[in-house]
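Residue-level structural notes
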Amino acid sequence: MNNSPRKHLGRCTAALGVVLASSLLAVAPARASEVSLLAGSFDGYHNITAAWQSDALWAHDFGSHRLDLSVEASAGRVFGPAGKVGAPLWHVGLTPFLRWWFTQDTALEAGIGANFFSGTYIGSKTISTSYQFGDSLGLFHRISDTPWGVGVRFTHYSNADIKRPNPGQNYLQLRVSYELR
């Protein structure tokens, strides 16, 4: 009987995640300037994420360099190592990103945002809270004269010791994007 409220909470969190992801799918293409697919793994854990990034909300031109700020909404799925107990989890997130464009088409990007997961167990690892911060650092390149971009991103999810254990999750992700213009 003690598991019943926990299972109910997990199902409600999963349902909320599906509703938020569906809302993002319905609204994001009309307001986003870029859509991306990210896929990666680290230490046997795997992640696949769809993301929608806004136009620059703020930008400053330094002559040959530019710094801009945008917001990324994401929805994805994380999987534990094969053969480990624990179902895959859904996650949704919202992350502000700074991009330092050191050439016309190439940028370093960094972001810290809020993410909600559909549970607290992935594989045999407990992440303790459904709320996780997501820290990302990456390199992004737009392919000249096309709407396509490619990149690599390192993402770390953690609850910042709100509750222990806090093992964190890391993913090295490849990214393909398409500009909606």
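Look a little higher up for the structure.
Residues numbered from 1 in each chain as written. Predicted model: local features only at pLDDT ≥ 70, side-chain atom pairs only at ≥ 80, totals over all residues. Heavy atoms only, no water.

**Let's talk about the overall build of the protein**
What counts is decided by this rule: Strands here mean DSSP runs of E at least two residues long; helices mean DSSP runs of H or I at least four residues long; both are numbered from the N terminus. For every residue, the accessible area obtained with a 1.4 Å probe (protein chains only) is divided by the maximum for its type, and the residue is called buried under 20%, exposed over 50%, and partly exposed between those limits. The contact definition used throughout considers only heavy atoms, calling two residues in contact when any of these lie within 4.5 Å. In this description, accessible areas are obtained by the Shrake-Rupley approach with a 1.4 Å probe, and a residue is regarded as covered only by the protein chains that are shown.
Helix and strand content of the protein: one helix and 11 strands. Its helices and strands taken in sequence order, the protein reads α-β-β-β-β-β-β-β-β-β-β-β from the N to the C terminus. Taken over 181 residues, the protein has a buried fraction of 39%. Partitioning the contacts of the protein with sequence separation of at least 6, the portion at a separation of at least 24 is 55%. Split by element, the accessible area of the protein, about 10,000 Å² in all, is 65% carbon and sulfur.

**With respect to empty space enclosed by the protein**
Operational definition: The rule is simple: put a 1 Å grid over the protein atoms alone, call a set of points where a 1.4 Å probe fits but cannot get out a cavity, call an open set with protein on both sides within 12 Å along at least five of seven lines a pocket, and count a residue as lining if it has an atom within 4 Å of a point. Grid points are joined across faces, edges and corners, and a volume is the space filled by probe spheres set on the points.
Counted under the stated rule, the structure contains three cavities of 30 Å³ or more. Quantified by volume, the largest cavity comes out at close to 130 Å³. Of all the secondary-structure elements, those providing two or more residues to the lining of the largest cavity are β4 (66-79), β5 (89-101), β9 (131-142) and β10 (148-158).

**Here's the deal with the pairing of β5**
In regular strands, side chains alternate between the two faces of the sheet. Put simply, the rule reads: If DSSP finds at least two bridges between two strands, the strands pair.
Sheet topology places β4 next to β5; 13 bridges connect them, and they run antiparallel. Paired with Arg-66 across the bridge in β5 is Trp-101. Of the pairings in the sheet, the one linking β5 to strand β6 (residues 106-117) comprises nine bridges and is antiparallel in character. Within β6, the position partnered with Trp-101 by the bridge is Ala-107. Count of turn residues in the β5/β6 antiparallel hairpin: four residues.

**Re the nonpolar core**
As a reminder, the rule being used: Residues grouped as a nonpolar core are buried Ala, Val, Leu, Ile, Met, Phe, Trp, Tyr and Cys residues, joined through side-chain atoms within 4.5 Å.
Tyr-45, Val-78, Leu-89, Phe-117, Ile-122, Ile-127, Tyr-157 and Tyr-171 form the largest nonpolar core, which has eight residues in total. The residues contacting Ile-122, other than those within four sequence positions of it, are Tyr-45, Val-78, Phe-79, Gly-80, Ala-87, Leu-89, Ile-127, Gln-169 and Tyr-171.

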